[in-house]
Amino acid sequence: MDKASVIGTVIGLVCLGLVAQLASHGNWALFYSEKGLIMVGGGTISVLFMAMPMAKLKCIPGYIRKFYFYKGKSPSEVVKLMSDLGEKARRDGMLSLESEVEKMDDMFLVSGLKMAIDGVDPDSIEATLRAEILAMRERHGAGKKFFDLVKVYGPGWGLAATLVGQIGMFANLGGDIATMGHMLAVAVVATMYATVLANAVAGPMGDKLSLRSAEEILSKEMILQGLLSIQAGDNPRVTMDRMMAFIPHGGRDEFKEAA
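Note that this is a predicted model, so its numbers are computed, not measured.

### Details of the overall build of the protein chain
Okay, so step 1: Assigned secondary structure in the protein chain consists of 11 helices and zero strands.
Okay, so step 2: In terms of overall size, the protein chain is more extended than a compact globule, its C-alpha atoms giving a radius of gyration of 26 Å where 259 residues would be expected to give roughly 18 Å.
Okay, so step 3: Looking at the 259 residues of the protein chain, the share that counts as buried comes to 38%.
Okay, so step 4: Across the protein chain, contacts joining residues at least 24 apart in sequence account for 71% of those joining residues at least 6 apart.
Okay, so step 5: Only carbon and sulfur atoms are counted for the fraction: they give 64% of the accessible area of the protein chain, which is about 14,500 Å².

Pasting the structure below:
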């Protein structure tokens, strides 16, 4: 579980609930508007159906799980893993890595190791694994796109609801003050829904997924370079140095110690 995502969600909910409680003195019904929910919620959903294919929409639960549960390897874990594999391959030969393949749950690494063990040409291994990285980047981009759509168009539907509420208010000028107040409340509450949805939910979640995608791509690139180095029979230190090229200079000492 991504502790930072959970902590951020809890803090946001607590702050929102506390301010709402103080502002309403416990009358939470003030913040409910079925017209606002229909406009903002339904409108945002309509945009998602218009902008994304059905196959991508079916992946929405996976995008949310990715936000709260991240199973990717850290750079230090990749360095240590590939260094250990390099040492074993150099000591016992490439075939000795077959026993390690069965213990792994990273299909990218498993695929690359199997090809290396089978003696596949390094260029073919690199081409295949880079194709996998490209496909992964496309999948991750769809997740980021989903949250970007909510962030961009949710406020648009909130504005539409606000305008509807203002039209109703202006149409009742000089009439029943209760009706005017109700329409003004619709306008303001709908804006609140859209603002919270875009800036407190969709925006942060999309940015976190984008960051996780970059981290996973970096991890896969490190694994790729490590595999090519292992297959070439390089010294484990050389294998590690090839992966360290992806790490900023300021953090390399820490990773070398971890390895």
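So that's the structure; there's more coming.
### Quick look at the environment of Arg237
Okay, so step 1: Turning to its location among the elements, Arg237 is positioned in helix H10 (residues 236–244).
Okay, so step 2: The partly exposed category is assigned to Arg237, whose relative accessible area is 48%.

### Some words on helix H9 (residues 177–231)
Okay, so step 1: Taking 1.5 Å per residue, 55 residues should reach 81 Å; H9 reaches 79 Å between its end C-alpha atoms and fits that length.
Okay, so step 2: Largest kink in H9: about 35 degrees, centred on Ala202, with the proline Pro204 one to four residues after it.
Okay, so step 3: Positive phi appears at Gly233, one or two residues downstream of H9, with a value of about 80 degrees.

### A few points about the packing of helix H7 (residues 107–117) against helix H8 (residues 122–171)
Okay, so step 1: For the pair H7 and H8, the least separation of the axes is 10 Å and the interaxial angle reads 170 degrees. With respect to their mutual orientation, H7 and H8 come out roughly antiparallel. Residues Phe108, Ser111, Gly112, Met115 and Ala116 of H7 form the contact with H8, whose participating residues are Ile125, Thr128, Leu129, Glu132 and Ile133.
Okay, so step 2: A per-class count over the contact of H7 with H8 returns six nonpolar, three polar and one charged.

### Overview of the pattern of salt bridges
Side-chain pairs of opposite charge can arise whenever the charged atoms involved come near each other.
Okay, so step 1: Under the counting rule described, the total for this entry stands at 11 salt bridges.
Okay, so step 2: Its salt-bridge partner being Lys66, residue Glu216 comes within 3.2 Å of it at the nearest N-O pair. Here the residue Glu216 occupies a position in helix H9, and Lys66 occupies one in helix H4 (residues 60–68), the gap between them amounting to 150 residues.
Okay, so step 3: According to the relative accessible area criterion, Glu216 is buried, its value standing at 14%.
Okay, so step 4: In this structure Lys66 comes out as partly exposed when scored by relative accessible area, which is 29%.
Okay, so step 5: Between Glu221 and Arg130 there is a salt bridge, with the nearest N and O atoms lying 2.7 Å from each other. Here Glu221, found in helix H9, pairs with Arg130, found in helix H8; they are 91 residues apart in sequence, far enough to count as distant.
Okay, so step 6: Several salt bridges converge on common partners, so that one network encompasses Lys66, Asp106, Glu216 and Lys220.

### Focus: a nonpolar patch on the surface
Okay, so step 1: Together, Ile45, Phe49 and Met54 line one region of the surface with nonpolar side chains, adding up to about 310 Å² of accessible area.
Okay, so step 2: With respect to the helices and strands, Phe49 occurs in helix H2 (residues 34–51).
Okay, so step 3: Looking at Phe49, the relative accessible area reads 48%, which means it is partly exposed.

### Topic: the confidence of the model for the protein chain
Okay, so step 1: Scored by pLDDT, the protein chain has a mean of 84; 95% of the residues are at 70 or more.
Okay, so step 2: Taken element by element, the predicted model of the protein chain shows its lowest mean pLDDT in helix H11 (residues 252–258) (58) and its highest in H2 (90).

### Remarks on the side chain of Thr162
Okay, so step 1: Mapping Thr162 onto the fold places it in helix H8.
Okay, so step 2: Each residue touching Thr162, except ones within four places of it in the same chain, is listed here: Ala187 and Thr191.

### Considerations on the packing of helix H5 (residues 75–92) against H9
Okay, so step 1: Put simply, H5 and H9 touch, their axes get as near as 10 Å, and they point 15 degrees apart. With respect to their mutual orientation, H5 and H9 come out roughly parallel. The two elements H5 and H9 cross, and the hand of that crossing is right-handed. In this structure, H5 contributes Pro75, Val78, Val79, Met82, Leu85, Gly86 and Ala89 to the contact, and H9 contributes Ser219, Met222, Ile223, Gly226, Leu227 and Ile230.

### Focus: unusual backbone geometry
Okay, so step 1: Of note in the backbone geometry, His25 takes a positive phi value of approximately 55 degrees without being a glycine.
Okay, so step 2: Position of His25 among the secondary structure elements: in the loop between helix H1 (3–24) and H2.
Okay, so step 3: Exposure remark for His25: the relative accessible area of 71% places this residue in the exposed category.

Rules used in this analysis
- Residues numbered from 1 in each chain as written.
- Predicted model: local features only at pLDDT ≥ 70, side-chain atom pairs only at ≥ 80, totals over all residues.
- Heavy atoms only, no water.
- Helix = DSSP H or I, 4+ residues; strand = E, 2+ residues; numbered from the N terminus.
- Rg over C-alpha atoms; globule rule 2.2 N^0.38 Å.
- Buried < 20%, exposed > 50% of the residue type's maximum accessible area, 1.4 Å probe, protein only.
- Contact = heavy atoms within 4.5 Å.
- Areas by Shrake-Rupley, 256 points an atom, 1.4 Å probe, with all protein chains shown as cover.
- Expected span 1.5 Å × (residues − 1).
- Bend = angle between axes of the 7 residues up to and from the residue.
- Axes fitted to C-alpha atoms, helices over the stretch in contact; angles between N-to-C directions.
- Parallel < 35°, antiparallel > 145°, perpendicular 65-115°, else oblique.
- Nonpolar A, V, L, I, M, F, W, Y, C, P; charged D, E, K, R; others polar.
- Salt bridge = Lys/Arg side-chain N within 4 Å of Asp/Glu carboxyl O.
- Patch = residues over 30% accessible without salt bridge, like charges linked within 9 Å, V, L, I, M, F, W, Y side chains within 5 Å.
- pLDDT = per-residue confidence, 0-100.
- Left-handed = near helix turned anticlockwise from the far one by under 90°.

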